[in-house]
Amino acid sequence: MNSPGTNNQIFQFESPDNSPGFLLWQVSNLWQRKMNSGLSKLGLTHVQFVLLAGIVWLSKGQETVTQAKLAAHAKTDIMMTSKVIRALEQRGLLKREVDSKDTRAKSLTITPEGHDLTVAAIHIVDRIDNDFFSTLDEHRADLNSHLLKILASSRYTANG
């Protein structure tokens, strides 16, 4: 057991402020709280919004949106995606049907009510993002570039 004052022997970093993972966790939690607070006015969680917005985005390409494609797009766990999709379907915000090309897959279609709610949520999310990241000024593109680099190297799959 180390004695008090020997944190440098336990921790990799001199200070928590030097740990990118800890800082990312703190910033992510703060951002999530702001998102969930803003979206709660519409009765949505941030995950629900991300999945609804993903369906709208992927539908622009005129291709069938399946639960698997949506999970891959959002980089969410396939089982969690299925549970959230089921809840959104019960609210009448989307339809989930057996895909005509692959009977094992579920195709997703947003309802008019779901579309309107998603558009309203996009305005809220855009405002929160603009406010939250405004401190970065012209460095916002740099942050995006670094985050994309991390994502590209992560080899993430919907199953973990």
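Reference entry: report on the structure contained in this document. (Residues numbered from 1 in each chain as written. Predicted model: local features only at pLDDT ≥ 70, side-chain atom pairs only at ≥ 80, totals over all residues. Heavy atoms only, no water.)

Within the protein, the secondary structure is distributed over seven helices and three strands. Here the protein has a C-alpha radius of gyration of 19 Å; the compact-globule value for 160 residues is 15 Å, and the former is much larger. In terms of overall dimensions, the protein has C-alpha extents of about 65 × 35 × 25 Å along its principal axes. In the protein, once contacts between residues fewer than 6 apart in sequence are set aside, the share between residues at least 24 apart is 50%. Within the structure as shown, the protein displays about 10900 Å² of accessible surface, and the carbon and sulfur contribution to it stands at 56%. (Helix = DSSP H or I, 4+ residues; strand = E, 2+ residues; numbered from the N terminus. Rg over C-alpha atoms; globule rule 2.2 N^0.38 Å. Contact = heavy atoms within 4.5 Å. Areas by Shrake-Rupley, 256 points an atom, 1.4 Å probe, with all protein chains shown as cover.)

The next thing to look at is the nonpolar core. Counting 26 residues, the largest nonpolar core has Leu44, Ile55 and Leu70 as the members making the most contacts within it. Going through the elements one at a time, helix H2 (20-40), helix H3 (46-59), helix H5 (78-90), strand S3 (106-110) and helix H6 (112-133) are the ones with two or more residues in this core. Each residue touching Leu70, except ones within four places of it in the same chain, is listed here: Leu51, Gly54, Ile55, Leu58, Val65, Thr81, Ile85 and Leu108. (Core = buried A, V, L, I, M, F, W, Y, C linked by side-chain atoms within 4.5 Å. Buried < 20%, exposed > 50% of the residue type's maximum accessible area, 1.4 Å probe, protein only.)

Owing to its 3.6 residues per turn, the α-helix brings residues three or four apart onto one side. Taken together, the buried positions of helix H4 (residues 67-74) are Gln67, Leu70 and Ala71. All buried residues of H4 lie within an arc of 100 degrees about the axis, which places them on one face of the element. Residues of H4 that are buried make contact with H3, strand S1 (65-66), H5, strand S2 (94-98) and S3. Positive phi appears at Lys75, one or two residues downstream of H4, with a value of about 55 degrees. (Arc of directions from axis to C-beta.)

A few words on the pattern of salt bridges. According to the stated counting rule, one finds one salt bridge in the structure shown. Note that Arg96 and Glu89 form a salt bridge whose closest N and O atoms lie 3.2 Å from each other. Judged by its relative accessible area of 21%, Arg96 is partly exposed. Classification of Glu89 as partly exposed rests on a relative accessible area of 27%. (Salt bridge = Lys/Arg side-chain N within 4 Å of Asp/Glu carboxyl O.)

Using the criterion set out here, one finds two aromatic pairs in the structure. A centroid spacing of 6.1 Å and a plane angle of 15 degrees characterise the contact between Phe22 and Trp25, whose relative ring orientation is stacked. Here Trp25 and Phe22 lie together in helix H2, a separation of three residues that amounts to about one turn. (Phe/Tyr/Trp six-rings, centres within 6.5 Å; stacked < 30°, edge-to-face > 60°.)

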